[in-house]
Amino acid sequence: MTTLSQAPSRTLTRLTGNTWIRFAARRAGRLVLSLWALVTAAFLMIHLIPGDPVRAALGPTAAASLVAARRADLGLDDPLPVQYVHYLRDVLSGDLGTSMTFNLPTSQVIGDRLPATLQLALTAFAVAVVIAVPTGVLMGVLTRGGRARRIELGFTGTSVALGTIPDFLLGVLLVYVFGVSLGWLPVAGHTGPASYVLPVLSLAIGPAAVLARLLRVQMVTVIEADYMRTARAKRLPAAVLYLRHALPNALTATITVGGLLLSAMIAGTVLVENVFAWQGLGDTIVHSILAKDYPLVQGIVLVYGVGVLLVNVMVDVAVALLDPHSTTIREY
Amino acid sequence: MAMNTPAPARTRPAPRRGGGWLAVLRTPVGAAAGLLLGAVLVLAVIAPPLWHDQAATINTGDLLKGASSAHWAGTDNLGRDLFLRVLVATRLSVGLALLAMLVAVVAGLLLGTAAVVVGRRAARLIAAVVDIAVAFPGLLLALFFAVIFGVGTTGAVLAIGCATAPGFARLTQTLVAGVVARDYVAAARIAGVGRIRLLTRHVLPNIAEPLVVNATIGAGSALLSFAALSFLGLGVQGASYDWGRLLGEGLDGIYVHPAAALAPGVAVIVAGLAFNLFGEAVAKRIGLTGTGQPPSRGRAARPGAAPTARTSAEASTDVVLDVRDLTVTVTGPDGPVRPVRGVGFRLLRGEAVGIVGESGSGKSMTVLAVAGLLDERLQVDADRLTFLGTDLLSGSPRDHARLLGSSFAMVFQDPMTSFNPALRVGSQLAEVSRRHGGLNRRDAAARAVDRLRAVRIPAAERRAYQYPHEFSGGMRQRAMIGMGMMGSPALIVADEPTTALDVTVQRQVLRLIDSVRRSAAVATLLISHDVTVVGQVCDRVLVMYAGRIVEELPASELATKARHPYTRALVAAVPDMRSDPHRPLPVIPGRLPDPSELPVGCAFAPRCSLADDRCHRHEPPLETDADGRRVACWQADAEPRRGSDFDSRADVTPPSAHKTDARTHSAADAPAAPTGERP
Ligand code: SF4
């Protein structure tokens, strides 16, 4: 780093440009590797099931001829490597097989259900961020330099408690309070804006609490930094001081955790959809596991996995953008 | 946190062993968590034998009843008592969670310690697999494995175990790597100890405690995960029931019978918390690193701290800064302490004044107080504080902000940390003009480039678009000076501006400050512990000791006509070219008194070889002589005693002779603060 910062200026830019390309290449490489691992895992999943998955799916009373026919249909009689190659080829061309319960292409079933899940997860994440960022910043400013000890304790206590309650239990509590006791909001289905409130809140509150707590700590630390004193010496108004100078630095450190929370939220939809009878992927995967509809399970696992990997990539890019130093740090 | 937040890994192996587990019960949180955990475990053991039969009793007369004194949580659709069912379910819920955790620990240990046992390539493969697996949320992994192991109790235990294993493996890898790097393991290796034996004798005992703590926390998460799987219908099946299953069944009838869903929900949360909190408490106790929040103490300030007001000013156009009787008071637990005590000075247009003194003499605090940059919890009092004729003690902070923002520039000590790492250098400069100069974005950016050019930053246009980390230290310090020149500066305060730079760069920066001063008639106030630097670039020098000005004199007289013993000591401690480089530098014996324990009388007396009775009893006043020089010393005009510790004036080259010899450190700083001053 030292050598970098003291290098003559022309080399500097070239290095900087290179660093970005190298960062992108490395990141893309890792993504491809992870995708490959994911697809392989999804393929192996079915073959790791003890016994005959087709027999298990059709039930012990199914005729042997039917089982044999279905096995042949699914290509399960080919040698494993051949099946693997076929599977890779099919997945790459967007063919995820046929759902046994729906008798439809798996990709079609997923296409029908995915939007509901995406809406739920993304809305919840947006809500979590909208709650967490102002709260964290405000708390950081209020409690900077050890001020307002009591507020800090109260806030930390509350946010730890909220962050500890798992989303589906929170969902049950919300259903009870707002649906059953107060009767304000619908507790099931996907019917209109009001039906979003409770599922979104049950997904968002825990992560929002975690994020806000982390952001407060980061803000308090950043506010003590030397460059904040420089900014104060420029006599900037408080809003500029905290939002333009402090917040980006505080966010850099929270973004990684934010990404983990978002991927956890994607998985969290499985439970929350089941609490609120929300017809999305999560609802579908549970039913298909219970119905032993393996092609569909396989497909949904792939979709969830890809979602998580994309979130991870976005996090790395966001960190690189917010903290221009991070790409070079990894390099040198 | 179960599945929606990954548990943070606690990785530092504990220094002590054992003690933490009992001692943790003496902390309030630890005691509460321990009690809760104990209750949950006892319940898990005694509930089934006590109430199993009762909880299974079908009572057709009491179907789906609400909570009552006979049935605290009501009854289910077969008339069974739900409260008892929740209690009985404790065993299965907790037991299965512990079982799943056991699977996770064993699998995690096998994967995590593989590096010690198997070959390097296999170890790397395992690490890569673990790496990919931990990127996925636990619930997703649990569903994946639930498909493989099948729906049901056994399948769920294995699924949750396998889903938790990668995180545990990662933790183990980190811990093992820490232990393996230690000397005694290397020694054992060289001594030919086998791999398995190495693992069991040297590695495992050293990582056991953090693993157990993490497993305790993990058990809480496993409990929540298990409840989730059972709730989804993928866990416990048939006639047996755990909390998750009760919850799932309760949810269906939540409108008629909310208690049926709430009671098991509460049980899950309480039990999960018990494991989590207890684990966290132990982790904190034995000092494992985790999400523990760093203590947030220290200085923080708001812009425009309003000093208390008293006088207004008649402006003299030539006076840039006028400070009289400035005092800073810190109210601590032992009453008020005054790190700055009655400091007064004036700065004229274009003048270069230096303030010297050891670390802790109050010089930085003085200028921060003048600039209004001290934490507002410190009290700043003064008889007078005017900048360019404007009284800073009264009036609106907004007007002050505009004036100070455009005319009062500050350069701080460490250029590495004084720029905001997330913003481009140019935009950090431009915002001064945007805010205080009323320029639009484009004009402000153009001015920033112009100012960067003025401080001799090459390729200023391109540089303006770069981030601070792409600048070298000296370049950053120059950019900082350029930032001060965005408005129309009348004063540049530089607080140890060169301490963090190397010698050649130091000189450039000092020369730049000096040329700015000359070209624009800007007054400069240079704070330094280095009497040589101050002697080189200043017209006048203020010497501070223990929060007071003890001497003021022209810089040219520093070497020959200093009257205060402390000033003379500072000068004497400067090595000159003739002094033997192999001899240690002369130092001022003793140390600066702490502001909370100032001696009666002259604060320098304990270190002063001229001190007499009067010095120890009465503090000398700061007297001004006919030429405007000031000194606070009873013996100011006495000849220094022969052979005193520090009087070696005869050997000292005047500081002006050091012009080309700016030093990174001065001997004066050595005795009081060997670590150097970092305000
Ligand atoms: S007043 Fe006395 S003790 Fe203080 S500096 Fe002068 S001679 Fe030394």
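Please read these numbers as outputs of a predicted model, since none were measured by experiment.

Quick word on the overall build of chain A
- Counting its regular elements, chain A contains 14 helices and zero strands.
- Going residue by residue from the N terminus, the α and β elements of chain A occur as α-α-α-α-α-α-α-α-α-α-α-α-α-α.
- For chain A, the spread of C-alpha atoms along the three principal axes comes to 85 × 65 × 30 Å.
- Burial statistics for chain A: of 332 residues in total, 52% are counted as buried.
- Long-range contacts, defined as pairs at least 24 residues apart, comprise 73% of the intrachain contacts of chain A with a sequence gap of at least 6.
- In the structure as shown, chain A presents an accessible area of about 14000 Å², 70% of it carried by carbon and sulfur atoms.
- On chain A, the mean spot of the 24 positive side-chain charges and the mean spot of the 17 negative ones are 18 Å from each other.

Focus on empty space enclosed by the protein
- In this structure the tally under the stated criterion is ten cavities of 30 Å³ or more.
- The space that makes up the largest cavity amounts to roughly 120 Å³.
- If you trace the largest cavity, you find 13 residues lining it, with A:Lys234, B:Ala409, B:Met410, B:Met483 and B:Gly484 closest to the centre.
- Among the secondary structure elements, those contributing two or more residues to the lining of the largest cavity are helix 10 (226-233) of chain A together with helix 13 (397-407), strand 7 (408-411) and helix 17 (473-484) of chain B.
- Each residue belonging to the lining of the largest cavity can be placed in one class, and the counts come to eight nonpolar, four polar and one charged.

Here's the deal with helix 9 (residues 193-223) of chain A
All names here are of chain A.
- The end-to-end C-alpha distance of helix 9, which contains 31 residues, comes to just 39 Å, noticeably less than the 45 Å that a straight helix rising 1.5 Å per residue would cover.
- Taken as a whole, helix 9 carries its principal kink of about 35° at Leu-201.
- Most of helix 9 is tucked away, with 23 of its 31 residues classed as buried.

Points about the interface of chain B and chain A
- If you look at the interface, chain B gives 84 residues, while chain A gives 85 residues.
- Scanning the region where chain B abuts chain A turns up three salt bridges.
- With a shortest N-O distance of 3.1 Å, A:Arg147 and B:Asp375 are connected by a salt bridge.
- If you look at where chain B meets chain A, you find 14 residue pairs in polar contact (both at pLDDT 80 or more).
- No other element matches the seven residues that helix 11 (residues 259-285) of chain B contributes to the side of chain B that touches chain A.
- Of the residues that constitute the side of chain B that touches chain A, the class distribution is 53 nonpolar, 19 polar and twelve charged.

What to know about the domain arrangement of chain B
- Looking at chain B, the domain boundaries give domain 1 (29-288), domain 2 (307-554) and domain 3 (562-677).
- Here the C-alpha centroids of domain 1 of chain B and domain 2 of chain B sit 59 Å apart.

Section: the packing of helix 6 (residues 106-142) of chain A against helix 9 of chain A
Residues and elements named next belong to chain A.
- For the pair helix 6 and helix 9, the least separation of the axes is 6 Å and the interaxial angle reads 35°. The two elements helix 6 and helix 9 cross, and the hand of that crossing is right-handed.
- When its residues are assigned to classes, the contact of helix 6 with helix 9 shows 22 nonpolar, five polar and one charged.

Some remarks on the site of the ligand
- By nearness alone, 13 residues border the ligand, and B:Cys602, B:Cys608, B:Cys615, B:Cys633 and B:Gln635 come closest of all.
- For the shell around the ligand, a count of residues per class yields eleven nonpolar, two polar and no charged.

Some thoughts on the packing of helix 12 (residues 281-290) of chain A against helix 13 (residues 294-322) of chain A
All names here are of chain A.
- Interhelical geometry of helix 12 versus helix 13 gives an angle of 145° and a closest axis separation of 9 Å. Our pair here, helix 12 against helix 13, has a crossing hand that is left-handed. Note on element contacts: helix 13 touches helix 12 through Leu-296, Val-297, Ile-300, Val-301, Val-303 and Tyr-304, opposite Leu-281, Gly-282, Thr-284, Ile-285, Ser-288 and Ile-289.
- Tallied by class, the residues present in the contact of helix 12 with helix 13 amount to nine nonpolar, three polar and no charged.

Considerations on unusual backbone geometry
- For A:Ala148, which is not a glycine, the phi torsion comes out positive at approximately 45°.
- Looking at the element boundaries, A:Ala148 is found in the loop between helix 6 and helix 7 (149-164).
- A positive phi angle is found at B:Ala459, which is not glycine, with a value near 50°.
- Inspection of the secondary structure puts B:Ala459 in the loop between helix 15 (441-454) and helix 16 (460-463).
- Looking at B:Ala459, the relative accessible area reads 42%, which means it is partly exposed.

Considerations on the pairing of strand 8 (residues 491-495) of chain B
Residues and elements named next belong to chain B.
- With respect to burial, strand 8 is a largely interior element, five of its five residues being buried.
- Burial along strand 8 is two-sided: the face carrying Leu-491, Val-493 and Asp-495 and the face carrying Ile-492 and Ala-494 are both buried.
- Bridge count between strand 7 and strand 8: four bridges; the pairing is parallel. Bridged to Val-411 within strand 8 is Ala-494.
- Relative to strand 9 (residues 523-528), strand 8 is paired through five bridges, and the arrangement is parallel.

Structural notes on the sheet that holds strand 11 (residues 548-554) of chain B
Residues and elements named next belong to chain B.
- Spatial strand order, 7-8-9-3-10-11-13-12: eight strands in an open sheet with mixed pairing. In this open sheet, the two edge strands, each paired with only one partner strand, are strand 7 and strand 12 (623-624).
- In terms of strand pairing, strand 12 meets strand 13 (residues 630-631) through two bridges, oriented antiparallel. Opposite Thr-624, over in strand 13, you have Arg-630 as the bridge partner.

Looking at the pattern of salt bridges
All names here are of chain B.
- Enumeration over the complete set of coordinates arrives at 30 salt bridges over all chains.
- Of the charged contacts in the structure, one is a salt bridge between Asp-450 and Arg-451, with a shortest N-O distance of 3.0 Å.
- Taking the relative accessible area as the measure of exposure, Arg-451 reaches 17% and is therefore buried.
- One salt bridge connects Arg-548 with Glu-619, and the closest N-O pair in it is separated by 3.2 Å. Remark: Glu-619 occurs in the loop between helix 22 (613-617) and strand 12 and Arg-548 occurs in strand 11; sequence separation between them is 71 residues.
- Overall, Arg-548 belongs to the buried group, its relative accessible area being 15%.
- Connected via shared salt-bridge partners are Glu-557, Arg-563, Asp-625, Asp-627 and Arg-629.

As for the layout of surface pockets
- Empty space within the second largest pocket amounts to approximately 900 Å³.
- Forming the boundary of the second largest pocket are 30 residues, of which A:Ala41, B:Val129, B:Ala133, B:Phe144 and B:Phe145 lie nearest the centre.
- Breaking the lining of the second largest pocket down by element, the ones donating at least two residues are helix 2 (9-48) of chain A together with helix 3 (82-112), helix 5 (120-134), helix 6 (138-149) and helix 7 (153-180) of chain B.
- Of all the elements, helix 2 of chain A adds the most residues to the lining of the second largest pocket, at eleven residues.
- Counted by class, the lining of the second largest pocket contains 27 nonpolar, two polar and one charged residues.

A short note on the pairing of strand 1 (residues 319-332) of chain B
All names here are of chain B.
- In this sheet, strand 2 (residues 335-348) lies alongside strand 1 in antiparallel orientation, the contact comprising nine bridges. Pairing of Leu-326 across the sheet is with Val-343, part of strand 2.
- Taking the residues between adjacent antiparallel strands as the criterion, strand 1 and strand 2 are bridged by two residues.
- Examined bridge by bridge, strand 1 and strand 4 (residues 379-381) share three bridges and lie antiparallel to one another. If you follow Thr-329 over to strand 4, its bridge partner there is Gln-379.

Re the packing of aromatic side chains
- With the rule as written, the count across this model stands at ten aromatic pairs over all chains.
- Relative to A:Tyr84, the ring of A:Phe43 has its centre 5.0 Å away and its plane inclined at 50°; by these criteria the two rings are tilted. A residue pair is termed long-range when its members are at least 10 positions apart, and A:Phe43 in helix 2 and A:Tyr84 in helix 5 (residues 80-92) qualify at 41 residues. In terms of burial, A:Phe43 and A:Tyr84 fall into one category: buried.
- Between A:Phe168 and B:Phe231, the aromatic rings sit 5.4 Å apart at their centres with planes inclined by 35°, giving tilted as the arrangement. You can see A:Phe168 sitting in helix 8 (residues 167-181) and its partner B:Phe231 sitting in helix 9 (residues 195-232), one on each of two chains.
- Aromatic rings pair up to connect A:Phe43, A:Tyr84 and A:Tyr87 into one cluster.

What counts, and at which threshold
Residues numbered from 1 in each chain as written. Chains lettered and ligands numbered in written order. Predicted model: local features only at pLDDT ≥ 70, side-chain atom pairs only at ≥ 80, totals over all residues. Heavy atoms only, no water. Helix = DSSP H or I, 4+ residues; strand = E, 2+ residues; numbered from the N terminus. Buried < 20%, exposed > 50% of the residue type's maximum accessible area, 1.4 Å probe, protein only. Contact = heavy atoms within 4.5 Å. Areas by Shrake-Rupley, 256 points an atom, 1.4 Å probe, with all protein chains shown as cover. Lys, Arg positive; Asp, Glu negative; His and termini not counted. Charge placed at Lys NZ, Arg CZ, Asp CG, Glu CD. 1 Å grid on protein atoms, 1.4 Å probe; cavity = no way out; pocket = protein on both sides within 12 Å on 5 of 7 lines; lining within 4 Å. Points joined across faces, edges and corners; volume = space filled by probe spheres on them. Nonpolar A, V, L, I, M, F, W, Y, C, P; charged D, E, K, R; others polar. Expected span 1.5 Å × (residues − 1). Bend = angle between axes of the 7 residues up to and from the residue. Salt bridge = Lys/Arg side-chain N within 4 Å of Asp/Glu carboxyl O. Polar contact = N/O pair within 3.5 Å; in protein donor to acceptor, adjacent residues only side chain to side chain. Domains from an automatic or database assignment. Axes fitted to C-alpha atoms, helices over the stretch in contact; angles between N-to-C directions. Left-handed = near helix turned anticlockwise from the far one by under 90°. Near = heavy atom within 4 Å. Pairing = 2+ DSSP bridges. Phe/Tyr/Trp six-rings, centres within 6.5 Å; stacked < 30°, edge-to-face > 60°.

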